[in-house]
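Structural description and commentary
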Amino acid sequence: MIALLAFVTPRVAGAQSGATVVSIQNARFQLTRTDNVNGVLAVAVRDPGLGNLLRSIGAAIQWHPGESYIVVTAPDRRVITLTLGDSHINVGGVLQGLPFVPYTDGGEAFVPFDAVARALYLAPSHEANEQIELQPLLSGLEVVRDGQRTLAILHGGAALRFRRVLDRPDRFEIALPGFASRLDPVQRIGAPGLESLRITQRHTAWESATVVAFYAGRDSTHAILPGPSTSELVIAFAPRGVSLEGPLPAARAARIPLRPAVAPVALGNAAPPLSSPVPLPTAVSRATPTALPAIPEPLDSAAAAATPSPPAASVLPAAPPPAAHVTGYQIQPVDDGIRLTLKVSGTATYEWHQLRDNRFYVDVHNALLDLAPEDKGLDQNIVAVRTVRVHQFQKTPEPIVRVALDLGADDRVTVTPGAGTLVLFAPGAPVVGVRIGSGRLGPTFADDSTADGALAESGLTVAGAAAAAQTQPLAAGTNPKLIVLDPGHGGSDPGAQNPAAGLIEKNLTLEIAKHLRTILEGEGWQVVMTRDSDKDVGYAFDSDKVELQSRADVANTRGARMFVSIHINSFTSSVLNGTTTYYYKPQDLALANSVDRALSGLPTKDDGIRKANFYVLHHTTMPSILVEVAFLSNPDDARLLQSPAFIQEAAQDIGKGIDSYAGSNSGGSSVLTAPQSAGDVGDAQEDGSKK
Ligand SMILES: [Zn+2]
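One structure accompanies this document, and this report is about it. (Residues numbered from 1 in each chain as written. Predicted model: local features only at pLDDT ≥ 70, side-chain atom pairs only at ≥ 80, totals over all residues. Heavy atoms only, no water.)

Describing the coordination of the zinc ion
Which entries qualify depends on this criterion: Coordination shells were defined by N, O and S atoms within 2.8 Å of each metal, extended to 3.2 Å for Na, K and Ca; water is absent from the atom set, which can make sites look incomplete. Helix numbers and strand numbers start at the N terminus; a helix is a DSSP run of H or I with at least 4 residues, a strand a run of E with at least 2. A 1.4 Å probe rolled over the protein chains alone gives each residue an accessible area, and that area as a share of the maximum for its type sets the label: buried under 20%, exposed over 50%, partly exposed in between.
Looking at the zinc ion, one finds its protein donor set to be H489 (NE2), E505 (OE) and H567 (ND1), positioned 2.0 Å from the metal centre. Counting along the primary sequence, the residues that act as donors to the zinc ion give the motif H-x15-E-x61-H. Taken as a pair, H489 in the loop between strand 34 (479-487) and strand 35 (497-498) and H567 in strand 38 (residues 560-569) lie far apart in primary sequence, 78 residues in all. H567 carries the same exposure label as H489, and that label is buried.

Structural notes on unusual backbone geometry
Not every positive phi belongs to a glycine, and Y121 is a case in point at roughly 65°. Overall, Y121 belongs to the buried group, its relative accessible area being 16%. For N366, which is not a glycine, the phi torsion comes out positive at approximately 55°. Tracing the backbone shows N366 in the loop between strand 27 (359-365) and strand 28 (367-369).

A word on the packing of aromatic side chains
Applicable threshold: What counts as a ring pair is set by centres within 6.5 Å for rings of Phe, Tyr and Trp (its six-membered ring), and what kind of pair is set by the plane angle: stacked under 30 degrees, edge-to-face over 60, tilted for all other angles.
Applying the stated criterion across every chain yields a total of six aromatic pairs. Judged by centre distance (5.2 Å) and plane angle (40°), the rings of F214 and F237 are tilted. Note that F214 is positioned in strand 20 (residues 208-215) and F237 in strand 22 (residues 232-239), a separation of 23 residues in sequence. Neither F214 nor F237 differs from the other in exposure class; each is buried.

Focus: the sheet that holds strand 8 (residues 88-91)
The following threshold applies: Pairing between two strands is assigned when DSSP locates at least 2 bridges connecting them. Axes here mean lines fitted to C-alpha atoms, for a helix over just the part in contact, with angles spanning 0 to 180 degrees between N-to-C directions.
With antiparallel pairing, the five strands of this open sheet are ordered in space as 5-6-7-8-9. Each edge of the open sheet carries a strand with a single partner, namely strand 5 (60-62) and strand 9 (94-97). In this sheet, adjacent strand axes meet at a mean angle of 20° when their direction is disregarded. By the bridge criterion, three bridges tie strand 5 to strand 6 (residues 69-73) in an arrangement that is antiparallel. Bridge pairing in strand 6 links A60 to T73.

Here is the structure:
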């Protein structure tokens, strides 16, 4: 109790501090619920500006009143946690100290802003009073050997937009504008197709960038492959003649560890307390660029002359090479989207931007357009893209060709350079009129955390979005006997794990689902499983959004009556335990209540029902729930999960809940309306969630 009281009011200054403006990559966010603890900026976890800032880089932060832990999810899926009353931040298993202990005040939890930023690989620099600039860091670079290929995977604190600086078989250089790096500047690799690499900072009159140079060797090829997220960039290298294409490998075992600048501290049960925050370099010093260690320069001086000179001596880049030409383009419809191939002759660099209002553009720098400008509306069947505009954006001082797409929905456009081409791929988003985020909330499961925020930004109400959705054919109820079961994770995605207890989420969810299928089929239901073996439902290493949409599609396209997703929970602290049933849509609520009642007979703690914007709940058209059966990170729950009897019992109880829900909904009825109209899309989770 004393410990609890200790963190209630440690601050010295009141909440009278004004708004703080945070800028990152040309975007600005205003923090309004801030505080000052001994000169250190504190921000409320639920500050709207903080939420938008994190969303903009694909991260999320979550805390509910009454809970002691605050969960931050990084774009690369690391989970970062802070605990009220505890002076540590747990960054993916590494404990770091905090300048003050997170506390609550006026129903809000406050955390140290800089510590959260640093954990997300964003280096804060306090430019002036109440103005902070966050510079994203190149946070990691791992090299993976995959057969004859070598994959270099860069991780960033924000979307890794890059420019090609030099592209030759033996040497490949990319610039990451706005990024700083704290990685070892020289790394010897010695892998097939990749000998070494060098990381430097480059500062010009208009930008500061991190430049990564890959020394590939004389007879190598390389290609940029689609990464698992926009904050990860994958470059494949191989000896000439070896194919660079192919999915990313599943095994994390073959990775060649590169030396991080800060050695991680393993988190054990009795981790020694760390007294002070691990310091990160703040903004890169613009006056003194890092000295470059000697690396043999390539022999091909003609090509070297065509690129900007090395950074140490120059402030302005060398004279530009002759302009490239955009000679044509081609649009192929692909599913609901398009593949646009731009033909480029000569050497050019490009950068692309995806804006919040469904606009996307790519600028090809130092390039002239050989065609008349075009502004094409596309066929209405192409959902992903409404119009394509190709024009000479500017002629001086540098000629730039811009290709702009007006997207029909928040599609994830990929940009892939080839030999003389630049390919834009907009695969088509299945939901029209609603922006879909790809953030992640909660410790175990991908979460469409940005949908509501995006709706609010675009001025639509949730009711408006629901109305828009109804103009789409709704498949709900077309097969009143069909239930789709979704065993969470699988294949390339193991889900949560407790190796000491021998528990892997993807296996447990499959076991429970298989038992449940047997039970339901015995009662006359038709059952389809999103997977019935250890595999991905989509393709291995799809983005979460694509993988989860594949699962929702199984139910949507078949017109299932219900969708039941099964997961096993996990948390960085072993204290949390219990069984939770999640719902999102109003029509999910009755099914969630019914299944929760049936599950209350389990020997686990009954955590009731909770509303959560999980992707599969949001994007299925029928009543859907997601059951987190127990915590494999909790010793008592883990013991239960090891028991086949418990697995069977969990399946039986979910089955009972489904039956009693179906019974009270007059089975076979084609109209399945929400019994309770839950208008609580906003703040009512707390009341609605606890029984
Ligand atoms: Zn899961």
